[in-house]
Number of protein chains: 2
Amino acid sequence: MVRVGLDLNKIIQTAVEIADNEGLEAVTLASLARKLSVKSPSLFNHIKGLASLKSEMSLYGLRLLLEKLKISIEGKEQDEALSAMAYAYVEFTREHPGLYEITIQAPEEIDGELKKASDEIVELIIHVLKDYNLDHNNMIHTIRGLRSLLHGFSSLEQSGAFAMSISVEESFEFLIKNFIKSIHQINKESNIK
Amino acid sequence: MVRVGLDLNKIIQTAVEIADNEGLEAVTLASLARKLSVKSPSLFNHIKGLASLKSEMSLYGLRLLLEKLKISIEGKEQDEALSAMAYAYVEFTREHPGLYEITIQAPEEIDGELKKASDEIVELIIHVLKDYNLDHNNMIHTIRGLRSLLHGFSSLEQSGAFAMSISVEESFEFLIKNFIKSIHQINKESNIK
DNA sequence: ATTATAAAACTAACGGTATTAGTTTTGTGT
DNA sequence: ACACAAAACTAATACCGTTAGTTTTATAAT
């Protein structure tokens, strides 16, 4: 019974490794304990259970994503910032497929921390979209559209749904370009009225 | 041991009910057997196992979705057809949240039937998009964009990510309208060149 | 009607999972 | 040196999917 110096952080890190390398469904307390050279009940000294661990992973993922998005837009604005953020988003989902998946479907709230982290991401998107001077409703519609596009693209890419013989990267470029154009179009229409 | 007259179809139907009412993760051979008044090993007379059952559900879901999409575009073309198809898609995900979820992530192929069903949906989208005279690459990009938008929107809606106080329905309307506009824009640009 | 057969249900058992309870070890601060 | 709390452990429970082997039942052939 050599003490192995476990802590919440190490557990989460290892769980994320499993999730990203072997898939989210491979994250079990049993596999985790094996990888940490520990018996699975020992994990309960640090976590409440599997559901709770997954929520912790989710929180970790949201914060990591937020950081990546923040860095991506540094010193940029409008189209350039929006584009950079979009690319950073899908890059994150490719670097962390398993972590990203749990990020979208945390089992339970953690003291409002999950909502907070998620809100901060939305706030960042709002910050970028402010450059486009959309009215309140259009702003919300546009946020929802951007999130739908990014999440849908990432999710479908990961599930292998884009099988056709044309570069997925080229498609993403096309989609983001067109999305940005379409935002500009919104304002042109308001001006006509 | 009253014979209960089980068959593959009844099993799938019941599994779909559980998936839609209690969530996909509630679909277990144990819960399924309980609901069918049978012991779980009896299920193996009709299915190969849980993974196989989920693939069957996936196939059923893809076919149901395809039918719904086909019906939605009957007698329509271009913008009207595209819009109708988009609305039918999200309606399906709302009617069948659990079934839709498994539709996107079948565990294993069934004799190429899953790929075939999935291809047929893509073919239907192609059929609708033909009205826009896009070149081959733009066609594929646009298909991927539409699928991303629809799947992302549905997935985020189901996971409760659209929490802001503005009608989600209104946002969807906005997004589809803009997506359609953006397709028209593609061709305008080609003409300029 | 009787019976043979195959399908469809069953029971029993195994290995894997999460989780709880209770025990032992170990590091640390007094 | 020792007390104590934390961190590991073992043992046990309850569920899950799955397999093997058994019994029942519907049906088709005689």
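For the structure, see preceding data.
Bear in mind that the values here come from a model prediction, so they are computed numbers and not experimental data. (Residues numbered from 1 in each chain as written. Chains lettered and ligands numbered in written order. Predicted model: local features only at pLDDT ≥ 70, side-chain atom pairs only at ≥ 80, totals over all residues. Heavy atoms only, no water.)

S.K.: Can you tell me about the pattern of salt bridges, naming the residues and giving the values?
M.R.: Opposite charge on two side chains makes pairing possible when the charged atoms of those side chains draw close. Evaluated as defined, the whole model comprises 18 salt bridges over all chains. One salt bridge connects B:Arg94 with B:Glu169, and the closest N-O pair in it is separated by 2.9 Å. Residue B:Arg94 is found in helix α4 (residues 78-95), and its partner B:Glu169 is found in helix α8 (residues 168-192); the two are separated by 75 residues along the sequence. Salt bridges linked by common partners bring A:Lys68, A:Glu91 and A:Glu95 together as one network. (Salt bridge = Lys/Arg side-chain N within 4 Å of Asp/Glu carboxyl O. Helix = DSSP H or I, 4+ residues; strand = E, 2+ residues; numbered from the N terminus.)

S.K.: Tell me about the relation of the copies chain A and chain B, and name the residues and values.
M.R.: Each of the two chain copies can be brought onto the other by rotation about an axis and movement along it. Least-squares fitting of chain A to chain B yields an RMSD of 0.0 Å, with the superposition described by an axial translation of 0.0 Å and a rotation of 180 degrees. Interpreted geometrically, this transformation is the action of a two-fold axis. When C-alpha distances to the rotation axis are compared across chain A, the minimum falls at A:Gly152, with a value of 1.8 Å. Interface residue correspondence from chain A to chain B reaches 100%, placing this contact among same-surface, isologous pairings. (Least-squares fit on C-alpha atoms with pLDDT ≥ 70 in both. Contact = heavy atoms within 4.5 Å.)

S.K.: Break down the side chain of B:Ser154 for me, citing the residues and quoting the values.
M.R.: Residue and element names in this part refer to chain B. Inspection of the secondary structure assignment puts serine 154 in helix α7 (residues 136-158). Among the polar contacts made by the side chain of serine 154, one reaches the main-chain carbonyl oxygen of leucine 150 at a distance of 2.8 Å. Beyond its immediate chain neighbours, meaning those up to four positions away, serine 154 contacts Tyr89, Val90, Thr93 and Tyr100. (Polar contact = N/O pair within 3.5 Å; in protein donor to acceptor, adjacent residues only side chain to side chain.)

S.K.: Any details on the interface of chain A and chain B? Residues and values, ideally.
M.R.: The interface is formed by 35 residues belonging to chain A together with 35 residues belonging to chain B. Here chain A packs against chain B, burying approximately 3,200 Å² in sum over the two surfaces, 64% of which is carbon and sulfur. Run the count over chain A and chain B and you get zero salt bridges. On the surface where chain A and chain B come into contact, there are 18 residue pairs in polar contact (both at pLDDT 80 or more). Of all the secondary structure elements, the ones that give two or more residues to the side of chain A that touches chain B are α6 (113-129), α7 (136-158) and α8 (168-192) of chain A. (Buried area = accessible area lost by both parts, 1.4 Å probe.)

S.K.: Just give me the short version of unusual backbone geometry, but keep the residues and values in it.
M.R.: Although it is not a glycine, A:Asp111 sits at a positive phi angle of roughly 60 degrees. The residue A:Asp111 is located in the loop between α5 (97-104) and α6 in this model. Look at B:Ser37: it is not a glycine, yet its phi comes out positive at around 55 degrees. Inspection of the secondary structure puts B:Ser37 in the loop between α2 (29-35) and α3 (50-72). Residue classification places B:Ser37 among the exposed positions, given a relative accessible area of 61%. (Buried < 20%, exposed > 50% of the residue type's maximum accessible area, 1.4 Å probe, protein only.)

S.K.: Outline the packing of helix α1 (residues 8-22) of chain A against helix α3 (residues 50-72) of chain A, supporting the account with residue identities and numerical values.
M.R.: Residue and element names in this part refer to chain A. For the pair α1 and α3, interaxial distance at closest approach is 10 Å and the crossing angle is 85 degrees. Here α3 runs roughly perpendicular to α1, going by the angle between their axes. For the pair α1 and α3, the contacting residues are Leu8, Ile11, Ile12, Gln13, Ala15, Val16 and Ala19 in the first and Leu53, Glu56, Met57 and Tyr60 in the second. Classifying every residue of the contact of α1 with α3 gives nine nonpolar, one polar and one charged. (Axes fitted to C-alpha atoms, helices over the stretch in contact; angles between N-to-C directions. Parallel < 35°, antiparallel > 145°, perpendicular 65-115°, else oblique. Nonpolar A, V, L, I, M, F, W, Y, C, P; charged D, E, K, R; others polar.)

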